[in-house]
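Notes for the structure review
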Amino acid sequence: MKMQWILATALSAALGLPALAQDKVKLVDVVELSGAGATAGTNWKNGIDLAVADINAKGGILGKQIEITHYDTQTNPGNTRAAVQRAIDEGTYAVLGPVFSGPIGASMQIAQRAEIAQFVGGEAANLTMQGNKYLFRTSLSQTAAMPKIAAYLKNTVKAGSVAVVWVNNDFGKGGRDAILPELEKAGIKVAVDVATEQGQADFAADAIKVKNSNADAIFVYLNEEESARFLRAAKQQGVTKPMVGETTLLGSKVIELAGEAANGVKGHVGLSIDAPIPAFQEFGKKFQAKYNYVSDHNGLKGYMAVYMIKWATEKQKTFDKKGVADTLRGATIKPSDEPGIMIETTIEQNGDLDRESFLAEVKDGKQVITATLPKIKP
Amino acid sequence: MTAPATHGAATERRGLALPSSIDGTLVTLVLGAAILWFAPAGMGRYGTYVLSLWLVMSIAVMGLNLTLGYAGLKSLAQAAFMGLGAYATALLTSKLGLNWYAAFAISGLLTFAVGLVLGFPALRVQAHYLAFVTLAFSTLIWLILRNEQWLTGGVFGLSNIPRPSFLSVKLDGALEFHRFVVVVTFILAAALWWMIRSPWGRAFMALRENPVRAASLGVDTRMYTLLAFAIGSAYAGFAGALYAPLVEFIDPSPFSLSQSFFLLLMVVAGGSGYLLGPFIGALLGVVLPEWLRVVGSLYLIVFATIVMLLLIACPQGVSGLIERGWAKLTGKAGGR
Amino acid sequence: MAEFIAYLIAGIATGAIYALAAIGFTLVWQTSQTINFAQGEFVMLPAVLVLLAIKLFGAPIWLGALIGIAAFILIFGAGFKLAVVDPMIKHGVLPLAIATMALSIIMKEGAKDAFSAEAQNFPSFVPTQTISVFGASISLQHLAIIIVAFAVIGLLQWFVGGTRLGRQMQATAQNPTVARILGIPVERMVLLTFVINAALAVVASALISPIYLAKFSNGEVIGLFAFIAAIVGGFNQVRGALVGGLVVGIVDSMAAAYISTSYRLAVPLVLLVVIILLKPEGLMGRKEERRV
């Protein structure tokens, strides 16, 4: 009988609000540290930690040190919602994360209602189509990237038909739904449409299927490990047609894991530590030194998200929560103003980003940038 | 009441059948509901939300407790049943504009019926085949939720799920909805309390303690096990019907196989076969991560370790521990 | 036809992996009548431990492998039996099965936090070339897995049926009480089974990880498929694991090829339900009497 009392007391004690430090600015990162999103989430978190350490070492934002807290969402929408609500109740200045689109969908209304800016790692197209003025991406959306891929397939690869291999989660499905209409517009036939699972046991059957489709090129849209394993399986099955991908497929993690099978892979790259921009490469080195592995694009996204907040705050010269979102919308951040942003970034009214991006190819185990694509609206 | 734990739960359960201790459980429920009605005062929306989430998960764990704790069956699909309830409610209320109460009832009936259909062939063979069948079912449901985008929203989920209203009171606010959840949880827990006390419930227990003896005493074993499983599954459906409007968004991830495992761990942690066990188990599963924020993602290890240690030291879970401690205290103080 | 053979061979190659992982289910089932829900993690962890030993001590690969493997067999063979199975088995098999679920979480999250959330390459002990069989290609790695799976199961069959120690083990599995009366050191036999299980997990891990990469979450998928394979093949026979593994591997490959890639996982599960309805003891299993 007493149990309930004890529970209630303990609960209220535990859930009560801790006092806010006055001389610090509080940022809460709500991110997938366990569950299906753990890999992406850990990169994102490390990127954020790196940025916070850098900023704090140089005196913080407007003289205030950043106090960062990470809440694990377990890649579960219900918990994500709880964590975002908690972040706001605790007076966070802005919300960072999450990375997966499902949890973003579950939590974005909370930040919107509280009129607090939320910086997410999701790439799914629909996120920025719901008129949420407080949601900001940290990378190009799939709707921005896929037309570039389609043009590349048509003009450079000169493919008449393409096999599409995608991972059946919000990232892969979103990409697949975005590329199909672009391919149709470009007059490219989809030879075969292959769904795969995240953490799938074996890719041999998928590789055989792709090989038998006799497509002119293969568009691979999978997460890092799966990309590497698919490339290996394809090589093993003797698939010789060009493999084309978007950012992840050309990432250093995939190259490391796939080894020789990655050579010859080409495609479009949004954010990459291999991009011919010194700031990116320097970030890559710093990240490697601190965490002892190579960052993927999620690490870069987390890093830049913190700098977006810093830039907006210094621009408005005050810690106005609502102002962060207002300041960022429609703004263009130049590396000359804020070196931490690394590449000129335009934030559109709906929260999408526009930046330069790259065409690249993997040669001898290295990503080589072959061309730089301009911003969509230069 | 003071039976040593190694004897299994049989004697304790007989103890629970005493009128005095039954009332103790009911009084705890009533008191708990009253406290939780007022608890969120000063807790903020986040605290309130976590309390509501805890209660909703408790309902699902309660159902699984009936299946596992009282009938001794391993179901690996409790989260999938919760998913069925959540998607049914979400689709019925947001797409068809059906009243939430009707959707709630349909969710329960649907999961009950599916439970019967699943349990019948499995229990025909042997109790542990239910684990195999529910494992398959759990994964199949997850695949359907994810792949049938036209209906379920696929990997992108369903958003903007409306919250119900009570009479003419809108329950959109965190506090109002929390109170609604408290009432529904209380009704469901009281129903379970009544069920366990009824002749039905006694048959369940007889079954768990010794199926052969129960059968020889004329208990239709298969029918009762099947019913226990189906009712347990219906509770998951009810939990899902509350989960959808609570989170206002659902996608397939909270209804995956690993979540079903997690629910089983919550039953055991709280104390399987105790009416109040699920509340403690869900507390450990849902609220513990919030307490353990210092350790970050390590909380899962902490939770799993707690469960392991409990299983080694006291298979009756936290409830068993409390009971033991209570017995020791009262024993020493001479009845106090 | 060539296409069909390609899918078939791919299925057999994958099936051998499931078979190798599924043996552990049947072994643990036979000695303790319980399901080890951490079996997938048992296969995931040795590779991670080896890499961890290399990373922590800067050891060369052979030493790292030695440390990792010894640590694994000690902790998860003998330790698992002594610390988890022994104290729990007296409460019945249900708590034990649930304890293995908790164990799987601990192993998985532990590997993630102590090692890495990222997949890592694992060196292959077998050359990575591919050879051509009936026009379909198969890698030497997969070939090695098929050979090892058959060899291990053959060895186990011989050991259990043809050696004194093995027969003692089997007697223990079938009826510990009678075995004890006959003077068989029951405890030691059970311990031996668990050590064999851990050693097999090491072998499976060493062969699978170069293909699947070493990652904390690998156990989920391997465990699920091995579990399905064990049920389909028959839980109470070691050779059930082999048959079940191959059947599930081939069915999975065919499903991806001819049914639907997004529902390929459903097909082995439907097979599982059909098996339970028609032949509940599994393809190779023998009927068990109803336990009281």
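Residues numbered from 1 in each chain as written. Chains lettered and ligands numbered in written order. Predicted model: local features only at pLDDT ≥ 70, side-chain atom pairs only at ≥ 80, totals over all residues.

Note the following rule: UniProt positions are given in the numbering used here, feature names are shortened, and annotations may be inferred rather than shown by experiment.
Chain C is annotated in an unreviewed UniProt entry as Branched-chain amino acid ABC transporter permease of Bosea caraganae. Database annotation for chain C, UniProt heading Sequence similarities (unreviewed entry): "Belongs to the binding-protein-dependent transport system permease family. LivHM subfamily."

As recorded by an unreviewed UniProt entry, chain B carries the name Branched-chain amino acid ABC transporter permease and is attributed to Bosea caraganae. In its Subcellular location (unreviewed entry) section, the UniProt record describing chain B reads: "Cell membrane".

1. A look at the overall build of chain B
Note the following rule: Segments assigned H or I by DSSP are reported as helices when at least four residues long, segments assigned E as strands when at least two residues long, and all are numbered from the N terminus. The exposure label follows from counting other C-beta atoms within 10 Å of a residue's C-beta, where the C-beta atoms are placed from the backbone and the thresholds are 20 or more for buried and 12 or fewer for exposed, leaving partly exposed in between. The contact criterion used is a C-beta to C-beta distance within 7 Å, with each C-beta placed from the backbone.
Within chain B, the regular secondary structure consists of 15 helices and 4 strands. Going through the 336 residues of chain B one by one, you find that 59% of them count as buried. Long-range contacts, defined here as pairs at least 24 residues apart, represent 75% of the contacts in chain B between residues at least 6 apart.

2. Focus: the overall build of chain C
The following threshold applies: In this treatment the radius of gyration is a C-alpha quantity, and the globule benchmark scales as 2.2 Å times the residue count to the 0.38 power.
Secondary structure summary: chain C contains 11 helices and 2 strands in total. Each helix (α) and strand (β) of chain C, taken in turn from the N terminus, gives the series α-α-α-α-β-β-α-α-α-α-α-α-α. A compact globule built from 292 residues would reach a C-alpha radius of gyration of about 19 Å, and chain C, at 19 Å, matches this within 12%. Taken along the three principal axes of its C-alpha coordinates, chain C extends 60 × 55 × 35 Å.

3. Points about the pairing of strand β10 (residues 266-269) of chain A
All names here are of chain A. Heads up, the condition is: Think of it this way: DSSP has to see at least two bridges between two strands before they count as a pair. The handedness rule is simple: strands pointing away from the viewer, and a clockwise path from the first strand over the helix to the second, make the crossover right-handed.
In this structure, strand β9 (residues 243-246) lies alongside β10, joined through 3 bridges in parallel fashion. Within β10, the position partnered with Glu246 by the bridge is His268. Considered for its hand, the β-α-β crossover made up of β9, helix α9 (residues 252-258) and β10 is right-handed. Across 4 bridges, the pairing between β10 and strand β14 (residues 357-363) is antiparallel. When the sheet's bridge partners are listed, His268 is paired in β14 with Leu359.

4. A closer look at the environment of C:Tyr18
All names here are of chain C. By secondary structure assignment, the location of Tyr18 is in helix α1 (residues 2-32). Taking the C-beta count within 10 Å as the criterion, Tyr18 has 34 such neighbours and is therefore assigned buried. With 174 residues separating them along the chain, Tyr18 and Leu192 place their C-alpha atoms 23 Å apart. Those residues within four positions of Tyr18 in sequence are excluded, and the remaining contacts are Phe225, Ala226, Ala229, Gly245, Val248 and Gly249.

5. A short note on the interface of chain B and chain A
Put simply, the rule reads: Asp, Glu, Lys and Arg are counted as charged, while Ala, Val, Leu, Ile, Met, Phe, Trp, Tyr, Cys and Pro are counted as nonpolar; the rest, among them Gly, fall into the polar class.
Listed by partner, the interface residues are 38 residues for chain B and 36 residues for chain A. Elements supplying a minimum of two residues to the side of chain B that touches chain A: α2 (19-38), α3 (44-70), α11 (221-247), β4 (249-250) and α13 (277-291) of chain B. Looking at the side of chain B that touches chain A residue by residue, the class counts come to 22 nonpolar, 11 polar and 5 charged.

6. Considering unusual backbone geometry
Residue and element names in this part refer to chain A. Residue Pro98 is bonded to the preceding Gly97 through a cis peptide linkage, with omega at -5 degrees. Here Pro98 is to be found in the loop between β3 (95-96) and α4 (101-113). Backbone geometry places Thr75, a non-glycine residue, at a positive phi of 55 degrees. Looking at where Thr75 falls in the secondary structure, it is placed in the loop between β2 (65-72) and α3 (77-89). Phi is positive for Thr247, close to 50 degrees, though the residue is something other than glycine. With respect to the secondary-structure elements, Thr247 resides in the loop between β9 and α9.

7. Points about the interface of chain C and chain B
Each side of the interface is counted separately: chain C has 29 residues, and chain B has 30 residues. Listing elements by their share of the side of chain C that touches chain B, those giving two or more residues are α3 (61-89), α4 (93-114) and α11 (266-278) of chain C. Classifying every residue of the side of chain C that touches chain B by side-chain character gives 23 nonpolar, 3 polar and 3 charged.

8. As for the UniProt feature "transmembrane region" (unreviewed entry) in chain B
Following the UniProt record, the feature "transmembrane region" (unreviewed entry) maps to residues 21-40, 46-68, 100-120, 127-145, 177-196, 223-246, 261-286 and 298-318 of chain B here. Between the end C-alpha atoms of residues 298-318 of chain B the distance is 21 Å, and the span holds 81% helix and 0% strand.

9. Focus: the UniProt feature "transmembrane region" (unreviewed entry) in chain C
Residue and element names in this part refer to chain C. UniProt records the feature "transmembrane region" (unreviewed entry) for residues 6-28, 60-80, 92-111, 131-160, 190-213, 219-235 and 265-284 in the present numbering. Secondary structure content for residues 92-111 is 95% helix and 0% strand, while the C-alpha to C-alpha distance between its ends is 29 Å. This span, residues 190-213, is 96% helix and 0% strand, and a straight line between its end C-alpha atoms measures 32 Å.

10. Re the sheet that holds strand β6 (residues 161-167) of chain A
All names here are of chain A. To keep things clear, this is the line we draw: To get an axis, fit a line to the C-alpha atoms, keeping to the stretch in contact for a helix; angles then go from 0 to 180 degrees between the N-to-C directions.
The strand order β7-β6-β8-β9-β10-β14-β15 describes an open sheet built from 7 strands, whose pairing is mixed. Two strands lie at the open edges of the sheet, namely β7 (189-196) and β15 (366-373), each paired on one side alone. Pairs of neighbouring strands in the sheet enclose a mean axial angle of 20 degrees, with direction left out of account. As paired strands, β6 and strand β8 (residues 217-221) are joined by 5 bridges and run parallel to one another. From the neighbouring strand, Val164 faces β8, where its bridge partner is Phe219. In this fold helix α6 (residues 170-185) packs onto β6, β7, β8 and β9, with an angle of close to 160 degrees to the strand it touches most, β6. This element, helix α7 (residues 204-212), spans β6, β7 and β8 of the sheet and lies at about 175 degrees to β7.

11. Observations regarding the sheet that holds strand β11 (residues 332-333) of chain A
Residues and elements named next belong to chain A. With antiparallel pairing, 3 strands are arranged side by side in an open sheet as β11-β12-β13. Each end of this open sheet is capped by a strand with a single partner; those strands are β11 and β13 (353-354). Relative to β13, strand β12 (residues 345-347) runs antiparallel, the two sharing 2 bridges. Opposite Ile347, over in β13, you have Leu353 as the bridge partner.

12. Notes on the nonpolar core
Residue and element names in this part refer to chain A. Filter applied, for reference: Take the buried Ala, Val, Leu, Ile, Met, Phe, Trp, Tyr and Cys residues, join any whose C-beta atoms are within 7 Å, and the set you get is a nonpolar core. Start and end points for every domain follow an automatic or database-based domain assignment.
Membership of the largest hydrophobic core comes to 359 residues, with the highest contact counts inside it found for Val162 and Val165. If you count residues domain by domain, this core takes at least three from each of domain 1 (21-139 + 280-347) and domain 2 (142-269 + 357-373). When residues no more than four places from it in sequence are discounted, the contact partners of Val162 are Leu153, Leu183, Ile188, Val190, Ala191, Ala215, Asp216, Ala217, Ile218 and Phe219.

13. Focus: helix α6 (residues 164-174) of chain C
Residue and element names in this part refer to chain C. The line we're drawing: As used here, the arc is the angular range of directions from the helix axis to the C-beta atoms.
Within the sequence span of α6, burial applies to Gln168, Met169, Thr172 and Ala173. Down the axis, α6 shows its buried residues gathered within 140 degrees of arc, on one side only. Of the exposed residues in α6, the ones pointing more than 90 degrees away from its buried face are Arg164 and Gln174. In this structure, the buried residues of α6 make contact with α1, α5 (140-162), α7 (176-181) and α8 (186-212).

14. Overview of the environment of A:Thr346
Take A:Thr346: it is sitting in strand β12. Setting aside residues up to four positions removed in sequence, A:Thr346 forms contacts with A:Thr332, A:Leu353, A:Asp354 and A:Lys375.

15. Examining the packing of α3(B) against α13(B)
Residue and element names in this part refer to chain B. The criterion, for reference: Our angle categories are set so that under 35 degrees counts as roughly parallel, over 145 as roughly antiparallel, 65 to 115 as roughly perpendicular, and the remainder as oblique. Note on convention: the crossing is left-handed when the near helix lies turned anticlockwise from the far helix by less than a right angle, right-handed when the turn is clockwise.
Contact geometry of α3 with α13 gives a least axis separation of 7 Å together with a crossing angle of 135 degrees. Considering their axes alone, α3 and α13 lie oblique with respect to each other. Considering the relative orientation of α3 and α13, their crossing is right-handed. Contacts from Val50, Leu53, Trp54, Met57, Ser58, Val61, Met62, Asn65 and Gly69 in α3 reach Gly277, Pro278, Phe279, Gly281, Ala282, Leu283, Gly285, Val286, Val287 and Glu290 in α13. Its residues assigned to classes, the contact of α3 with α13 comprises 12 nonpolar, 6 polar and 1 charged.

16. Here's the deal with the environment of C:Thr172
All names here are of chain C. Among the secondary structure elements, Thr172 is positioned in helix α6. The exposure class assigned to Thr172 is buried, which follows from the 25 C-beta atoms found within 10 Å. Spatially, the C-alpha atom of Thr172 lies 39 Å from that of Ile54, the residues being 118 residues apart in sequence. Ignoring sequence-local partners within four residues, the contact set of Thr172 consists of Thr31, Ala179, Ile184, Val186, Met189 and Val190.

17. Topic: the confidence of the model for chain C
The test is simple: Values of pLDDT, which run from 0 to 100, indicate the predictor's confidence residue by residue.
Of the residues in chain C, 98% have a pLDDT of 70 or more, and the chain-wide mean is 88. Quick note on the complex model: pTM equals 0.90, ipTM equals 0.91.

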